[in-house]
Amino acid sequence: MPLVTSTEMFKKAYQGGYAIGAFNVNNMETIQGIVEAAKEEKSPVILQVSAGARKYANPVYLKKLVEAAVETTDLPIVLHLDHGDSFEICKDCIDMGFTSVMIDASSHSLEENIKITKNVVDYAHDRGVVVEAELGRLAGIEDDVKVHADDAQYTDPAEVYEFVSRTNVDSLAIAIGTSHGAFKFKGEAKLRFDILEKIGKLLPNFPIVLHGASSVPQNLVEVINKYGGNMPGAKGVPEDMLRKAASMAVCKINIDSDIRMAITATIRKYFSENPSHFDPRQYLGPARLAVKEIVAHKIRNVLGSSNQI
Ligand code: G3H
Ligand code: 13P
Ligand code: ZN
């Protein structure tokens, strides 16, 4: 099966009250771990590439690795650009065969965001590619741009209908209290489900995207800290909140930090327990397995997308 767009996936997910996992990829082992989990769980999956990933791995390598995943699994896979910040990067990805792109012009004014997004939508739709945009601003790190907590803004439901109808965008990332990275909440985790509910009512059947949705599992924080790491106070979105979001209008849930932590915890422990080993396959193999395990858990117990292909 060739790469697919997310159109059918989101339609089924919306109706079925579950979400599709969108996992960030930067290297071979991560891609393999994710797609092996998706295959075992019989789940559709979105592999997403950020500007940082393109810089790190070279876009051609990532594209070819994803092609290898498609060829060896026969899964419905979407190849998505995460947080594209300009028309040019979106065009580049569309031209090289991505089936989905995100234009993140959320740091601009509403009018400017609409204009930039519409431009990308016109180019993408002419070529059979779907587009995600963002309205509202998440705190944390959006590629190279750091958004401070003070600058974060919840999405205003009143703007959503206008934004979607004027841009004709296919899905929308909203800000309801999540943020990127491993330090999401100082105190208790709180999400604005009232905003999500309002948006769901204003735009029935329209797929909403949740960024910054890592749960930052405390067992991984403990392993990292035990074996020389330093992540005191790391905290993520509780899994039951993600389940709730998935049962509402959220059809795509973005996860990057949890995978980074699974890899880091595994390798830190491995190095500590096997100081004489120096073959990268010896620690990258277990790291790949850790990616597979955490992604399978998400698909089965959080996203609810098992057995949906
Ligand atoms: O939203 C940000 C993603 O976690 C990607 O992070 O820009 O470090 O690749 P990155
Ligand atoms: P996390 O940092 O919570 O994994 O979010 C990732 C993300 O939103 C990528 O776009
Ligand atoms: Zn994001």
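A quick note: this is a predicted structure, and the numbers were derived from the prediction, not measured.

Colleague: Explain the nonpolar core to me, please; I cannot follow it from the model alone.
Modeller: Within soluble globular proteins, side chains that are nonpolar generally end up buried alongside one another. Formed by 102 residues in total, the largest nonpolar core has its most connected members in Ile 34, Ile 77, Leu 172, Leu 196, Ile 208, Ile 253 and Val 295. Among all residues touching Ile 34, those that are not within four sequence positions of it are Phe 23, Asn 24, Val 25, Val 45, Leu 47, Ile 259, Val 291 and Val 295.

Colleague: Before we go on, may I ask you to explain unusual backbone geometry in this structure?
Modeller: Residues apart from glycine generally show negative phi values, whereas peptide bonds are mostly found in trans. Phi angles above zero are rare outside glycine, and His 83 is one such case at about 55 degrees. You can see His 83 is positioned in strand E3 (residues 77-84). Despite not being glycine, Asn 205 has its phi angle at roughly 70 degrees, a positive value. On the secondary structure map, Asn 205 appears in the loop between helix H8 (193-202) and strand E9 (208-210).

Colleague: I would appreciate a short explanation of the coordination of the zinc ion (ligand 3) in the present structure.
Modeller: Angles between donor atoms at a metal ideally measure 109.5 degrees for a four-coordinate tetrahedral arrangement and either 90 or 180 degrees for a six-coordinate octahedral one. Protein coordination of the zinc ion (ligand 3) is provided by His 83 (NE2), His 180 (NE2) and His 211 (ND1), with donor distances spanning 2.0 to 2.1 Å. In terms of primary sequence, the donors binding the zinc ion (ligand 3) are separated according to H-x96-H-x30-H. Pair noted here: His 83 is in strand E3 and His 211 is in the loop between E9 and helix H9 (218-226), with a separation of 128 residues, a long-range link. Comparing His 83 with His 211 shows no difference in burial state: the two are buried.

Definitions and cut-offs
Residues numbered from 1 in each chain as written. Chains lettered and ligands numbered in written order. Predicted model: local features only at pLDDT ≥ 70, side-chain atom pairs only at ≥ 80, totals over all residues. Heavy atoms only, no water. Core = buried A, V, L, I, M, F, W, Y, C linked by side-chain atoms within 4.5 Å. Buried < 20%, exposed > 50% of the residue type's maximum accessible area, 1.4 Å probe, protein only. Contact = heavy atoms within 4.5 Å. Helix = DSSP H or I, 4+ residues; strand = E, 2+ residues; numbered from the N terminus. Donors = N, O, S within 2.8 Å, 3.2 Å for Na, K, Ca; no water.

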